[in-house]
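A structural walkthrough
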Amino acid sequence: MSRFAAALFGAASLAFIAPAQAGSTLDAIKARGSLKCAVQGPSNPGFGVPGSGGKWIGFNVELCRAIAATIFGDADKIQISALTTQTRFPALQSGEVDVLTNNTTYVMTRDTQLKFNFPAISFMDGQGILVPKKLNVASGKDLNGATVCVQPGTTTELALTDFFRKNNMKFTPVVIQSRDELTRAYADGRCDALTSDATTLAAQRSTLANPAEHIILPDRLSKEPLGIAVRQGDEEFRDIIAWSFNTLVNAEELGITQANVDEMAKSTDPEIRRFLGVEPGLGAALGVNEKYAYTIIKQIGNYGELYEKYLGEKTPLAIPRGLNRLYTQGGALYTPPSR
Amino acid sequence: MTPVAPARSRSLADLWNDIGVRKMVFQAALLACVIAVAVLLWWNASGNIARRGLEVGFAFLHRTANFAIGESMIPYSPADTYARALLAGLSNTVVIAFFGCLLTTVFGVLFGVLRLSPNPSLSRLVGVYVEIGRNVPLLLQLFFWYSLCTRLSGPRQAISPLPGVFLSNRGLRLPSFVANDGLFFAVLGLVVAGIAWLALQWWARRVQERTGRRPHILAWGLTVLALAPLAGLQLAASPIAIDVPELRGFNFVGGQELSPEFAALLFGLVFYTTAFVTEIVRGGIQSVPKGQWEAARALGLPARRIMRLVILPQAMRTIIPPLASQYINLTKNSSLAVAIGFPDLINISNTVINQTGQALEVIFIFMGCYLTLNLTISALMNRLNAAFAMKGH
């Protein structure tokens, strides 16, 4: 019932809640004293899980903390709500949350029809297919007639259907709302394959009884640029998010880490001095503290550090960095420079 | 009992003391409140939607859905529209509700009678079932039945209790009849036989009314029922074709499939609701005065006929109203299908909402569907209730 209730709640929130941001989103956030972020509920290993003491931890939580660090100079001034794929959009539209950092795929209709903006692409993902090794399947094109487990409420169902139609293959979907139930159905053999974003599959595989017996096929059914989403029409707030994220990436590019940021602040390199706010200018241009970039790196770290900590090879998810490497290292991570 | 109007001109206080007027005022005030709240909600919602510049309306229903549905009672493909996808979901909901209500009634009446059986172990057994069935949350029961269904072995190690019948974690596969003219003539034969059977009954009653003796028609009737479809088959140009499922690739191909999701949902709903109906039937039977039993026994009727001819028809008056509530509950509870992946109306609606972002409109549609379904059930049950009501009192 939770799905129905959630959808109803979402719709009801449109009916009951007056818009929070009569003025600018930023003013409302400052007056409130905290940034309201939505991560994916109930939890999303690596990206956002409830930790001890009610604090959320994960890659997406850190993105939210980076924005708070820019606005308040304090990464802890956040309020996290865990929203499902159904409740997230009404919640953002109604002003219940300020920003979604919950692996929302940046697609055209969400930008245009749903009136959102995506100031940053935080992770480049793609929809993959997980199969048991014993099926001896090498590619998604060998799956004609298969039964495929899929979670509803994302672009996944659409890409899955397109993939099979494009290749003139038939399949039977089994659509289950709860990710845990869906993973169980796959583990029990109700489906031949399980499809989702490759990162999600990695998380799901890590919960199986014997993860080594399952492989993620090389096919990518879609490109899934996971973005940070805000309501359309507030350019000031949009800029703050874009440059909070760009700071994480640019810091990695400049070789600035959480550990060496104080050292780097003493650097004579003019680019680094400007970036860290030793030479003023950038912070004032963004309308925040001159030291905002320093604060983000000091309190959170750079993009590479975050990846390493939450998603990298040493974590249970072990997602290869792939496209999400810096462009200088063969990846596709290319952000505008902070200058 | 209208109050007598006073002769003198009425002051405001008099008016207020008039019970009729006062009732009217309260009714009007309540109605005004309800309307005010509704208008406020509508105004606020439409204002908020307009302020965000969201697209409102039902135009999206004509767009291509582009997603697949696991099973549907009506033909559906991803190239169909959102409207068709929702209709496919509705058809699944209706089928689940129909078979759910049917099976619940059959088992509910059976268990309700058994619950009152003089055989202590039988009635206790039903009692244990009732307590389990109605006290465990339905959602948990659905998870339980679903995991039972999916824990069966895979299609390659399917259990085959009969030739052509396969039971695996992909569901139950049965041979199916292919609808060619053989099937048509067989069904035609069955219809003819049915009419003949009714005619025989009518004739037998006429004879009984005239002579007081009922002719034995059972043997004749059964013969007609058995022979007519066979004769139909003989008439057909091509004999009936049977589609036997076979394992090909990942799964069985051909035949009729009963998916684990459908089976688990139907079984779960029937298991849960039957427990309530059992109690309703037991209560209904016990509400019939003891004198009715004694009178029927005095007439020399055997126990089975007492139940069928005397007790149950009277018990129906007590049974039908709460039974209608259970039918409605079952229909609404079928929306729990989302938990186990049966593509019912809500399940499809969720996908549609997510692909189109038209939450308000889709919620409107499925609320309308459930309202219509349940009002139809209510109307049918009210007619049934009227048919069973005491007449001439």
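Residues numbered from 1 in each chain as written. Chains lettered and ligands numbered in written order. Predicted model: local features only at pLDDT ≥ 70, side-chain atom pairs only at ≥ 80, totals over all residues. Heavy atoms only, no water.

1. Digging into the overall build of chain B
Summing up its helical and strand segments, chain B has 13 helices and seven strands in all. The C-alpha atoms of chain B give 28 Å as radius of gyration, which overshoots the globular expectation for 393 residues (21 Å, by more than 25%). Overall size of chain B, expressed as C-alpha extent along the three principal axes, is 90 × 70 × 45 Å. In chain B, buried positions account for 37% of the 393 residues. The long-range share in chain B, meaning contacts at least 24 apart out of those at least 6 apart in sequence, stands at 65%. A total accessible area of about 22400 Å² is found for chain B, and carbon and sulfur atoms account for 70% of it. (Helix = DSSP H or I, 4+ residues; strand = E, 2+ residues; numbered from the N terminus. Rg over C-alpha atoms; globule rule 2.2 N^0.38 Å. Buried < 20%, exposed > 50% of the residue type's maximum accessible area, 1.4 Å probe, protein only. Contact = heavy atoms within 4.5 Å. Areas by Shrake-Rupley, 256 points an atom, 1.4 Å probe, with all protein chains shown as cover.)

2. Focus on the layout of surface pockets
A probe matching the size of a water molecule, rolled over the atoms, marks out where space remains unfilled. Approximately 970 Å³ is the volume found for the largest pocket. For the largest pocket, the lining is made up of 37 residues, of which F171 and T172 of chain A together with I69, G70 and E257 of chain B are closest to its centre. Those elements that provide at least two residues to the lining of the largest pocket are α6 (156-166) and β8 (171-175) of chain A together with β6 (251-253) and β7 (256-258) of chain B. Looking at side-chain class alone, the lining of the largest pocket contains 17 nonpolar, 13 polar and seven charged residues. (1 Å grid on protein atoms, 1.4 Å probe; cavity = no way out; pocket = protein on both sides within 12 Å on 5 of 7 lines; lining within 4 Å. Points joined across faces, edges and corners; volume = space filled by probe spheres on them. Nonpolar A, V, L, I, M, F, W, Y, C, P; charged D, E, K, R; others polar.)

3. A word on the confidence of the model for chain B
The share of residues in chain B with pLDDT of 70 or more is 93%, and the mean pLDDT across the chain is 86. ipTM for the predicted complex: 0.70, alongside a pTM of 0.73. (pLDDT = per-residue confidence, 0-100.)

4. Some words on unusual backbone geometry
All names here are of chain A. Even without glycine at this site, K115 takes up a positive phi of about 60°. With respect to the helices, strands and loops of the structure, K115 is situated in the loop between α5 (108-112) and β6 (116-132). A positive phi angle, close to 55°, is found at N136, a residue other than glycine. The residue N136 is located in the loop between β6 and β7 (146-150) in this model. When its relative accessible area of 70% is taken as the criterion, N136 is described as exposed.

5. Some details on the state of the cysteines
Counted according to the given criterion, the structure contains two disulfides over all chains. Two residues, C37 of chain A and C64 of chain A, share a disulfide whose sulfurs are 1.8 Å apart. Its S-S torsion of about 100° marks the bond between C37 of chain A and C64 of chain A as right-handed, since a negative value means left-handed. With a gap of 27 residues between them, C37 of chain A in strand β1 (residues 35-40) and C64 of chain A in helix α3 (residues 59-72) connect regions that are remote in the sequence. Exposure class is identical for C37 of chain A and C64 of chain A. Each is buried. One disulfide in the model links C149 of chain A with C191 of chain A; its S-S distance is 1.9 Å. For the disulfide bridge between C149 of chain A and C191 of chain A, the dihedral angle about the S-S bond is near 55°, and by the sign convention the bridge is right-handed. Taken together, the positions of C149 of chain A in strand β7 and C191 of chain A in the loop between α7 (179-187) and β9 (193-197) put the pair 42 residues apart, joining distant regions of the chain. C369 of chain B forms no disulfide, and the closest cysteine sulfur to it belongs to C101 of chain B, at a distance of 17 Å. (Disulfide = S-S within 2.5 Å.)

6. Overview of the interface of chain B and chain A
Counting residues at the interface gives 51 residues for chain B and 54 residues for chain A. Overall, the association of chain B and chain A removes approximately 4000 Å² of surface from exposure, summing both partners, and the carbon and sulfur fraction of that is 54%. Among the residues of chain B in contact with chain A, R52, F250 and N354 of chain B are the three that bury the most area, contributing 19% of the side total. In this assembly, chain B and chain A are joined by three salt bridges. Among the ionic pairs, D192 of chain A bridges to R170 of chain B, the shortest N-O distance being 2.7 Å. The tally of links from chain B across to chain A stands at eleven residue pairs in polar contact (both at pLDDT 80 or more). (Buried area = accessible area lost by both parts, 1.4 Å probe. Salt bridge = Lys/Arg side-chain N within 4 Å of Asp/Glu carboxyl O. Polar contact = N/O pair within 3.5 Å; in protein donor to acceptor, adjacent residues only side chain to side chain.)

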